[in-house]
Amino acid sequence: MTVPGGKVAVVVLNYNGLDDTLACLRSLRAVVWNELRVFLVDNASSVDPEPASREVYPDVEYVRTDRNLGYAGGNNRGIERALGWGAAYILVLNNDTVVDPAIVQALVEVFERLPGL
């Protein structure tokens, strides 16, 4: 089997959930993928999570909205940034998600086996 490839973006939306977001970012650090970028969208939380987030995931692409755009609006902001980066695949995660290190590999393999998706 050939190893799949391509840029993969992960969009994580945060709104006043720093502890959950940090746990999510810790799990994403264990993901092995050559071209992986994590976009953390902060939906105008009362406490800016950027400093703590960068301690856990230094390369996180941080996006802060000036007001709470809701679930769809916040994720759309992250998706726009991911598409601008040239992502071939975008994984949208709730901030209270902890992932297995093989998640990206497994998902990309499925998508590449199923043309037309």
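First, a word on what this report is: a plain description of the structure on this page. Because the structure is predicted, anything quoted here is derived from the model rather than measured. Numbering of residues begins from 1 in every chain and follows the order in which that chain's sequence is written. Only residues with pLDDT of 70 or above have their local features reported here, since the model is predicted, and side-chain atom pairs are shown and tallied only from 80 upward, although totals for entire chains, interfaces and linings are computed over all residues. Working from all heavy atoms in the structure, the side-chain values ignore hydrogens and water.

This paragraph deals with the side chain of T65. With respect to the helices, strands and loops of the structure, T65 is situated in the loop between β3 (61-64) and α3 (70-85). When accessible area is computed with a 1.4 Å probe and restricted to protein chains, residues below 20% of their type maximum are described as buried, those above 50% as exposed, and intermediate ones as partly exposed. A relative accessible area of 3% means that T65 is categorised as buried. Polar contacts here mean pairs of N or O atoms no more than 3.5 Å apart (in protein, one a potential hydrogen donor and the other a potential acceptor; neighbouring residues in sequence count only if both atoms are side-chain atoms). Only 2.8 Å separates the side chain of T65 from the backbone oxygen of R67, close enough to count as a polar contact. Setting aside its immediate chain neighbours within four residues, T65 contacts V41, D42, N43, A44 and R77. Where helices and strands are cited, they refer to DSSP runs of H or I of at least four residues and of E of at least two residues respectively, numbered from the N terminus. Residue contacts are counted whenever heavy atoms from the two residues lie within 4.5 Å of one another.

Bringing unusual backbone geometry into the picture now. Working note: non-glycine residues mostly have negative phi, and peptide bonds are mostly trans. A positive phi angle, close to 55°, is found at N16, a residue other than glycine. Within the fold, N16 resides in the loop between β1 (8-14) and α1 (18-29).

Another aspect to go through is the nonpolar core. Among the buried residues, those of types Ala, Val, Leu, Ile, Met, Phe, Trp, Tyr and Cys that are joined through side-chain atoms within 4.5 Å form a nonpolar core. Ranked by internal contacts, the top residues of the largest apolar core, which has 21 residues, are V10, V12, L25, L28, L36, V38 and L93. Put simply, the parts of the chain that give this core at least two residues each are β1, α1, β2 (36-42), β4 (89-94) and α4 (103-113). Among the elements that make up this core, the one with the highest residue count is α1 (four residues). Counting nine residues, the second largest nonpolar core, distinct from the first, contains A9, V11, A82 and A87.

What follows deals with the environment of N75. Among the structural elements, N75 can be located in helix α3. Sequence separation between N75 and N94 is 19 residues; the distance between their C-alpha atoms is 9.7 Å. Those residues in contact with N75 that sit more than four places away from it in its chain are V11, L13 and V92.

With that settled, consider the pairing of β3. Where β2 and β3 come together, four bridges link them in parallel fashion. By the bridge assignment for β3, F39 is matched with E61. For two strands to be treated as a pair, DSSP must find no fewer than two bridges joining them.

A separate point is the pattern of salt bridges. Criterion for a salt bridge: a side-chain nitrogen of Lys or Arg within 4 Å of a carboxyl oxygen of Asp or Glu. Considering all chains together, one arrives at five salt bridges under this definition. In this structure, E61 engages R81 in a salt bridge whose closest nitrogen and oxygen atoms are separated by 2.7 Å. With E61 in strand β3 and R81 in helix α3, the pair connects residues that are 20 residues apart, well separated along the chain. Overall, the relative accessible area of 23% leaves E61 in the partly exposed class. The structure contains a network of salt bridges with shared partners spanning R37, E61 and R81.

Right, let's talk about the pairing of β2 for a bit. With six of seven residues buried, β2 is to be regarded as a mostly interior element. Sheet topology note: the β1/β2 ladder contains seven bridges and is parallel. Among the inter-strand pairings, V12 is bridged to a residue of β2, identified as L40. A crossover gets the label right-handed when its path from the first strand over the helix to the second runs clockwise, viewed with the strands pointing away from the viewer. Taking the sense of rotation as the criterion, the β-α-β connection linking β1, α1 and β2 turns out right-handed. Assessed by its sense of winding, the connection that carries the chain from β2 through helix α2 (residues 50-56) to β3 is right-handed.

In short, the description is geometric, and any link to function would need to be established separately.
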